Amino acid sequence: MNRKSGYRYRFRRAWAFPRDVESFLRRLLISPSLHVACGSSKIGDVRLDLFTRADVMGDMFHLPFRDESFASVLTDPPWWMAYHLRPRFAAELARVLRPEGRLVLNAPWSLRLKGILELVEVFWSPAPTWRNCPIVQIYKKV
């Protein structure tokens, strides 16, 4: 039993990508890069999270950056994000992304901002039985 939580399981304060996934994602980023909802991951020139110690503590729906500040944005948002919030989230990510910039999304759902973000590539990996399948989508700001 865990002494701090009282639960049988060991909990971590924040999630991070496995090393091989971090290495893959790092290769997709272009500087200057922003990692939104970074958790304890060290990927990105600027890391933003609401709950963990990051470069910037902030809300993913109100990014504290100027328009078109980053050449690439990486995000692994909460997969349970409500459907009605996803367009607002996508618009905020697109706002801070430079024209022709790259958005890297790790989520089981896709983004649709017609005329703003264009899906250019998708990577996926089989997952162990009954687990979520990692899907990394690459968008270009048009």
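If you're wondering where the values come from, they're calculated on a predicted model, not measured in any experiment. (Residues numbered from 1 in each chain as written. Predicted model: local features only at pLDDT ≥ 70, side-chain atom pairs only at ≥ 80, totals over all residues. Heavy atoms only, no water.)

J.: Is there a simple way to think about the overall build of the protein in this case?
T.: Helix and strand content of the protein: two helices and seven strands. Its helices and strands taken in sequence order, the protein reads α-β-β-β-β-α-β-β-β from the N to the C terminus. Counting all 142 residues of the protein, 40% fall into the buried class. Summarising the internal contacts of the protein: among those between residues at least 6 apart in sequence, 56% fall at separations of at least 24. If you sum the accessible surface of the protein, you get close to 9,500 Å²; carbon and sulfur atoms cover 54% of it. (Helix = DSSP H or I, 4+ residues; strand = E, 2+ residues; numbered from the N terminus. Buried < 20%, exposed > 50% of the residue type's maximum accessible area, 1.4 Å probe, protein only. Contact = heavy atoms within 4.5 Å. Areas by Shrake-Rupley, 256 points an atom, 1.4 Å probe, with all protein chains shown as cover.)

J.: Help me out: how do you make sense of helix H2 (residues 86-96) in this one?
T.: Those residues of H2 lying buried are Arg-86, Phe-89, Ala-90, Glu-92, Leu-93, Ala-94 and Val-96. Buried residues in H2 make contact with strand S1 (33-36), strand S4 (70-75), strand S5 (97-106), strand S6 (117-124) and strand S7 (135-141).

J.: When you look at the sheet that holds S7 in this model, what are you seeing that I'm missing?
T.: Hydrogen bonds along the backbone pair up the strands of a sheet, which may run parallel or antiparallel. The sheet built from seven strands is open, its strands ordered S3-S2-S1-S4-S5-S7-S6 with mixed pairing. Looking at the sheet topology across the chains shown, the edges are occupied by strand S3 (56-57) and S6. In this sheet, S7 lies alongside S6 in antiparallel orientation, the contact comprising seven bridges. Looking across to S7, one finds that Phe-123 is bridged to Val-136. Packed on one face of the sheet, helix H1 (residues 19-28) meets S4, S5, S6 and S7 and runs near 10° to S7. Contacting S1, S4, S5, S6 and S7, H2 crosses the sheet at an angle of about 135° to S5. (Pairing = 2+ DSSP bridges. Axes fitted to C-alpha atoms, helices over the stretch in contact; angles between N-to-C directions.)

J.: What is the right way to read the packing of aromatic side chains from this model?
T.: Given two aromatic rings, their pairing is described by the distance between the two centres and the angle made by the two planes. One pass over the full model with this rule turns up three aromatic pairs. Pairing Phe-24 with Phe-123 gives two aromatic rings, centres 5.0 Å apart and planes at 80°, and the pair type is edge-to-face. In this pair, Phe-24 sits in helix H1 while Phe-123 sits in strand S6, placing the two residues 99 residues apart along the sequence. What makes Phe-123 partly exposed here is its relative accessible area of 26%. Judged by centre distance (5.1 Å) and plane angle (90°), the ring pair of Phe-65 and Phe-70 falls under edge-to-face. (Phe/Tyr/Trp six-rings, centres within 6.5 Å; stacked < 30°, edge-to-face > 60°.)

J.: What exactly am I supposed to notice about the environment of Cys-133 here?
T.: One can find Cys-133 in the loop between S6 and S7. Along the chain, Cys-133 and Ala-107 lie 26 residues apart, while their C-alpha atoms are 9.1 Å from each other.

J.: Mind showing me how you'd approach the nonpolar core here?
T.: Nonpolar side chains in soluble globular proteins tend to be buried together. Counting residues in hydrophobic clusters, the biggest one holds 25 residues, and the most contacted among them are Leu-34, Val-36 and Val-73. Of all the secondary-structure elements, those providing two or more residues to this core are S1, S4, H2 and S5. Here this core takes five residues from H2, the largest share from any one element. Once you skip the residues sitting within four places of it in the chain, Val-73 turns out to touch Leu-34, Val-36, Leu-93, Val-96, Leu-97, Arg-102, Leu-103 and Val-104. Residues Leu-28, Leu-29, Leu-74 and Val-104 belong to the second largest nonpolar core, which totals nine residues. (Core = buried A, V, L, I, M, F, W, Y, C linked by side-chain atoms within 4.5 Å.)

These results come straight from atomic positions and should not be treated as a statement about function.
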